[in-house]
Amino acid sequence: MNATSDEIKADYNFISDALIDIYDQIMRIEESEIRKSRFKDITAKELHLVHTIGLHDRKTTSEVARILRLSKGTLTVNLNNLERKGYITRITNLQDRRIINLALTSKGRLLYRAHYAFHRKLVEQCLKGFGGADIKKMKQALLNVEDFIGEVSSK
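Fair warning: this is a prediction, and the values are worked out from it, not measured in the lab. (Residues numbered from 1 in each chain as written. Predicted model: local features only at pLDDT ≥ 70, side-chain atom pairs only at ≥ 80, totals over all residues. Heavy atoms only, no water.)

A count of helical and extended segments in the protein chain gives six helices and two strands. The N-to-C order of helical and strand elements in the protein chain reads α-α-α-α-β-β-α-α. Taking 155 residues into account, the globule formula puts the C-alpha radius of gyration at 15 Å, and the protein chain, at 19 Å, lies well above it. Projected onto its principal axes, the C-alpha positions of the protein chain cover 60 × 35 × 30 Å. Here the protein chain, with 155 residues, has 22% of them falling under the buried criterion. At a minimum sequence separation of 6, the contacts of the protein chain that also span at least 24 residues come to 50%. For the protein chain, the accessible surface area stands at approximately 11,300 Å², while carbon and sulfur atoms represent 57% of it. Of the side chains in the protein chain, 27 bear a positive and 20 a negative charge, and the two mean positions are spaced by 9 Å. (Helix = DSSP H or I, 4+ residues; strand = E, 2+ residues; numbered from the N terminus. Rg over C-alpha atoms; globule rule 2.2 N^0.38 Å. Buried < 20%, exposed > 50% of the residue type's maximum accessible area, 1.4 Å probe, protein only. Contact = heavy atoms within 4.5 Å. Areas by Shrake-Rupley, 256 points an atom, 1.4 Å probe, with all protein chains shown as cover. Lys, Arg positive; Asp, Glu negative; His and termini not counted. Charge placed at Lys NZ, Arg CZ, Asp CG, Glu CD.)

If you want it as structure tokens, here you go:
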């Protein structure tokens, strides 16, 4: 059975509204959970910066700026705040002293794990009832969204 153009339009509208609502609700939940936790001193944006730095990667400042699509100046301000609050540390690269690697402190790793647990539950709920082929389609849909965001943000 083929969907009518009205059904397709309704599905597009539903998906558009759902993406907006999901983004908004996730940000509200994260802000609320931060305020109730021992990590009251950070913002959701700083939380996502901690998540991007990751547990073990030792990403460079340039890599993090590229991933988050931030200017190096904006990133530096945020890194200074996170370092002052005890979540991250900067490590000078021994092979090239111009390169700065980033690492999470024990406080930063604890925050990362708490944030990761929330997102893991979110993904498990999102994929509940889906099989392998459906999950691959969901992954492709999210890659399409990421591509679109990358195109729009690079203009």
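This paragraph deals with the UniProt feature "domain: HTH marR-type" (unreviewed entry) in the protein chain. Annotation from UniProt places "domain: HTH marR-type" (unreviewed entry) at residues 16–147. This span, residues 16–147, is 68% helix and 8% strand, and a straight line between its end C-alpha atoms measures 16 Å. (UniProt positions renumbered as here; feature names shortened; annotations may be inferred.)

So, about the nonpolar core. Residues Ile42, Ile53, Tyr87 and Ile88 are the most contacted members of the largest nonpolar core, which totals 19 residues. Of all elements in the fold, only helix H2 (44–53), helix H3 (61–68), helix H4 (72–84), strand S2 (100–104) and helix H5 (106–127) reach the threshold of two or more residues within this core. Considering each element in turn, this core owes the most residues, five residues, to H2. Excluding anything up to four places from it in sequence, Tyr87 contacts Phe39, Asp41, Ile42, Val50, Leu82, Ala103, Leu104, Thr105, Lys107, Gly108 and Leu111. (Core = buried A, V, L, I, M, F, W, Y, C linked by side-chain atoms within 4.5 Å.)

Residues Val145, Phe148, Ile149 and Val152 make up a contiguous nonpolar surface patch of about 340 Å² in total accessible area. Its location among the elements puts Val145 in helix H6 (residues 132–153). (Patch = residues over 30% accessible without salt bridge, like charges linked within 9 Å, V, L, I, M, F, W, Y side chains within 5 Å. Salt bridge = Lys/Arg side-chain N within 4 Å of Asp/Glu carboxyl O.)

Quick look at the packing of aromatic side chains now. With the rule as written, the count across this model stands at two aromatic pairs. Seen in terms of ring centroids, Tyr112 and Tyr116 are 6.2 Å apart; in terms of plane orientation they differ by 10 degrees. Their pairing is stacked. Of this pair, Tyr112 and Tyr116 are both found in helix H5, four residues apart, which corresponds to roughly one turn of the helix. For Tyr112, a relative accessible area of 13% translates into the label buried. (Phe/Tyr/Trp six-rings, centres within 6.5 Å; stacked < 30°, edge-to-face > 60°.)

Our focus in this paragraph is H4. Its 13 residues place the ends of H4 18 Å apart at the C-alpha level, agreeing with the 18 Å of an ideal helix rising 1.5 Å per residue. Inspection of H4 places Leu75, Leu79 and Leu82 among the buried residues, and these make up the whole buried set. The arc enclosing the buried residues of H4, seen along the axis, measures out at 60 degrees, which places them on a common side. Check the buried side of H4 and you find it contacts H2, H3, strand S1 (88–92) and S2. (Expected span 1.5 Å × (residues − 1). Arc of directions from axis to C-beta.)

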